[in-house]
Amino acid sequence: MNDRNSSIQVIDRMAQLLEAIAAQPKPVSLKYLAADTGLHPSTAFRILASLVQHGFVERDDSGAYRLGAKWLQFGSRVRARLDLREEALPIMEDLRNQVHETVNLTVREGDEVVYVERALVKRMMRVEQIIGSRAPLHVTAVGKLMLAEDGEAACKAYAERSKLKRFTTHTLTTLPALLAEIREIKNAGYAFDNEEAELGVRCLGVLIRDASGAVVAGLSISAPQERLQAAWVPLLQEAGLGLSKRLGYRAG
């Protein structure tokens, strides 16, 4: 068996064990788990030991196994993202109907933004981001705002990690240029992507905050470069603030 197949088999066995633990209301023994999954006790023990080490499974004083608290963290993140999309979509659709262009909802994962929702416009020529697609922070309007929110030191660290990869002739590929941009947009509260990710496409973005004031997402309008209008800034800011308020944010 090659390494790839072996790795997949371990993941399958791990999933079996987790499902067996989750199916029981109380902690379960190694003997029960081995019998339920058909795994050899020594194999089950090794996998469970790794799951315990990483916090996915816990072992009580009697040696029985139960799901670890880490799943609560994951569950709360998934719930928060589902709530965000549910709250955002009506606002996104209303904004789309005002500007007649595509409206996107993005969240940050590491050094990228991820598109998690969209409101498409019914036009033959439109910008369409695929849900689940990703883009580096420095080439998107929302991503640059998130870098600005982090501050210049974090921006410098991002530049070192990402090497500010070039996507078009308009991409900001030097640290001085990126720092100048984030200083400007930090004060403005909104940002443009001026064909920095894709030639012929521009974007206008704002940040979304939760009840604590933390940035949780970004809202943006994408359009062919000749159709994007600076006059949409107040409309986008109003929509962004409206969504933030629905998430509990109160402007100071």
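Residues numbered from 1 in each chain as written. Predicted model: local features only at pLDDT ≥ 70, side-chain atom pairs only at ≥ 80, totals over all residues. Heavy atoms only, no water.

A.B. asks: Can you lay out the sheet that holds strand S6 (residues 191-194) for me, pointing to particular residues and giving the numbers?
C.D. replies: Taken in spatial order, the 6 strands of this open sheet run S5-S4-S3-S8-S7-S6, and their pairing is antiparallel. Of all the strands in the sheet, just strand S5 (134-136) and S6 have a single pairing partner and so form its edges. If you compare each strand with its neighbour and ignore which way they point, the axes differ by 30° on average. With 4 bridges joining them, S6 and strand S7 (residues 201-209) adopt antiparallel strand pairing. By the bridge assignment for S7, Ala191 is matched with Gly205. Of the strands in this sheet, strand S3 (102-109), S6, S7 and strand S8 (215-224) are in contact with helix H8 (residues 233-246), which crosses S7 at around 30°. (Pairing = 2+ DSSP bridges. Helix = DSSP H or I, 4+ residues; strand = E, 2+ residues; numbered from the N terminus. Axes fitted to C-alpha atoms, helices over the stretch in contact; angles between N-to-C directions. Contact = heavy atoms within 4.5 Å.)

A.B. asks: Help me get a handle on the pattern of salt bridges, residues and values and all.
C.D. replies: Summed over all chains, the structure comprises 13 salt bridges. Measuring nitrogen to oxygen at the nearest pair gives 2.9 Å for the salt bridge that ties Lys144 to Glu196. Taken together, the residues Lys144 in helix H5 (residues 141-150) and Glu196 in the loop between S6 and S7 connect sequence positions 52 residues apart. For the residue pair Lys144 and Glu196, the accessibility class agrees, reading buried in each case. Between Lys186 and Glu149 there is a salt bridge, with the nearest N and O atoms lying 3.5 Å from each other. (Salt bridge = Lys/Arg side-chain N within 4 Å of Asp/Glu carboxyl O. Buried < 20%, exposed > 50% of the residue type's maximum accessible area, 1.4 Å probe, protein only.)

A.B. asks: If you had to explain the packing of aromatic side chains to someone new, which residues and values would you point to?
C.D. replies: Scanning all chains against the criterion turns up 1 aromatic pair. Ring plane angle 85° and centroid distance 6.0 Å describe the contact between Tyr190 and Phe192, whose orientation is recorded as edge-to-face. For Phe192, a relative accessible area of 18% gives the class buried. (Phe/Tyr/Trp six-rings, centres within 6.5 Å; stacked < 30°, edge-to-face > 60°.)

A.B. asks: So what about H5? Which residues, and what values?
C.D. replies: Since the α-helix turns once every 3.6 residues, residues separated by three or four places project in the same direction. Most of H5 sits out of view: 8 of its 10 residues are buried. A positive backbone phi angle near 100° is found at Gly151, which sits one or two residues after H5.

A.B. asks: Give a detailed account of the layout of surface pockets, specifying residues and quantitative values.
C.D. replies: Space left empty within the atom packing is revealed by a probe, the size of a water molecule, rolled over the atoms. By volume, the largest pocket amounts to about 300 Å³. Gly189, Val206, Leu207, Arg209 and Tyr249 are the residues nearest the centre of the largest pocket, which is lined by 15 residues in total. Every element with two or more residues in the lining of the largest pocket is listed here: H5, helix H7 (175-188), S7 and H8. No other element matches the 4 residues that H8 contributes to the lining of the largest pocket. (1 Å grid on protein atoms, 1.4 Å probe; cavity = no way out; pocket = protein on both sides within 12 Å on 5 of 7 lines; lining within 4 Å. Points joined across faces, edges and corners; volume = space filled by probe spheres on them.)

A.B. asks: Run through unusual backbone geometry, naming residues and quoting values.
C.D. replies: Unlike most non-glycine residues, His100 shows phi in positive territory, near 60°. Relative to the helices and strands, His100 resides in the loop between helix H4 (70-99) and S3. One non-glycine residue, Glu195, lies in the positive phi region at around 60°. By the element assignment, Glu195 lies in the loop between S6 and S7.

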